[in-house]
Amino acid sequence: MKKMYLLTIALILLIASGFLFFSRDTDAANAQFLSSYGIVINSKPVSFEEIAIPAEFDEMYSQYNMMQIECGLDLYPVRGKNAVRYTYEIMNMPDGDGKTVYANVICVRGKPVAGDVTCPSLDGFTKPLNFLSELQD
C-alpha cells in the first residue's frame, strides 16, 4: 500500500515537472512570436484555455480570420482543429490610460497560428497583432 502511494506521488511529480518544462518552452515561443509584432509581454500567461476552431466559420470567425489575414496569418488551414489560447499582459502598451491590455496567442500543436490585442474594459477593443507596431509608427 505504501509503495503504491509513493509511486502515485512520483508519477504526479513527473507529470507536473513535464508540464512546467513544456509550458516554459511554449511561453518562450509565444513571446518570440509576439515580439515579431513589437509586443512585449509578461513572461507567464494570465490564463490559457483549450478551444476548438470550428470546421465552418460563422460571421464572427470570418471577421476574426480577416483580422488574422491582415497580419499575415490565416486560421483557414487549421479549421476543425483543437487549439490552446494563451493570454499575456502587454508590458509596452503606450498611453494605456491605466487599462490593462492583453495579447492572445492561439496555438495548434504548440505552434502559434493566430492572435490579437484586446482590452476587456467596457470601452475596450480587439485589434490585430500589428496594432501596436502601427501605433509606434
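What you see is a predicted model; the values in this text were computed from it and never measured. (Residues numbered from 1 in each chain as written. Predicted model: local features only at pLDDT ≥ 70, side-chain atom pairs only at ≥ 80, totals over all residues. Heavy atoms only, no water.)

(A) The arrangement of the packing of aromatic side chains in detail. Counting across every chain of the model gives five aromatic pairs. Summarising the aromatic geometry, the rings of F33 and Y37 are spaced 5.6 Å apart at their centres and angled 70 degrees between planes, so their arrangement reads as edge-to-face. You can call F33 buried: its relative accessible area is 13%. Of the residues examined, Y37 reaches a relative accessible area of 13% and is grouped as buried. (Phe/Tyr/Trp six-rings, centres within 6.5 Å; stacked < 30°, edge-to-face > 60°. Buried < 20%, exposed > 50% of the residue type's maximum accessible area, 1.4 Å probe, protein only.)

(B) View of the pairing of strand β4 (residues 111–119). Within β4, eight of the nine residues are buried, which leaves the element mostly enclosed by the surrounding structure. Pairing geometry for strand β3 (residues 102–108) and β4, over seven bridges, is antiparallel. Within β4, the position partnered with N104 by the bridge is D116. Counting the residues in the hairpin turn of β3 and β4 gives two residues, including R109, whose phi is positive at 55 degrees. Bridge count between β4 and strand β5 (residues 125–127): three bridges; the pairing is antiparallel. Within β5, the position partnered with V117 by the bridge is K127. (Helix = DSSP H or I, 4+ residues; strand = E, 2+ residues; numbered from the N terminus. Pairing = 2+ DSSP bridges.)

(C) How the structure looks around unusual backbone geometry. You will see that R109, though not glycine, has its phi angle at about 55 degrees, which is positive. Relative to the elements of secondary structure, R109 occurs in the loop between β3 and β4. You can call R109 exposed: its relative accessible area is 77%.

(D) Geometry of the confidence of the model for the chain. Taken residue by residue, the chain gives an average pLDDT of 84. The fraction at 70 or more is 78%. When the criterion is pLDDT under 50, residues 16–23 qualifies, and its contacts beyond four places in sequence or with other chains add up to one contact. (pLDDT = per-residue confidence, 0-100. Contact = heavy atoms within 4.5 Å.)

(E) Up close: the sheet that holds β4. Ordered by their spatial adjacency, five strands build an open sheet running β1-β2-β3-β4-β5, and the pairing between neighbours is antiparallel. Taken across any chain shown, the strands that pair with only one partner, and hence form the sheet edges, are β1 (47–52) and β5. Taking each pair of neighbouring strands and ignoring which way they run, the sheet shows an average axis angle of 25 degrees. Sheet analysis places strand β2 (residues 82–89) next to β3, joined by six bridges and oriented antiparallel. Pairing of R85 across the sheet is with I106, part of β3. Across the sheet, helix α2 (residues 59–70) touches β1, β3, β4 and β5, and the angle it forms with β4 is around 100 degrees. (Axes fitted to C-alpha atoms, helices over the stretch in contact; angles between N-to-C directions.)

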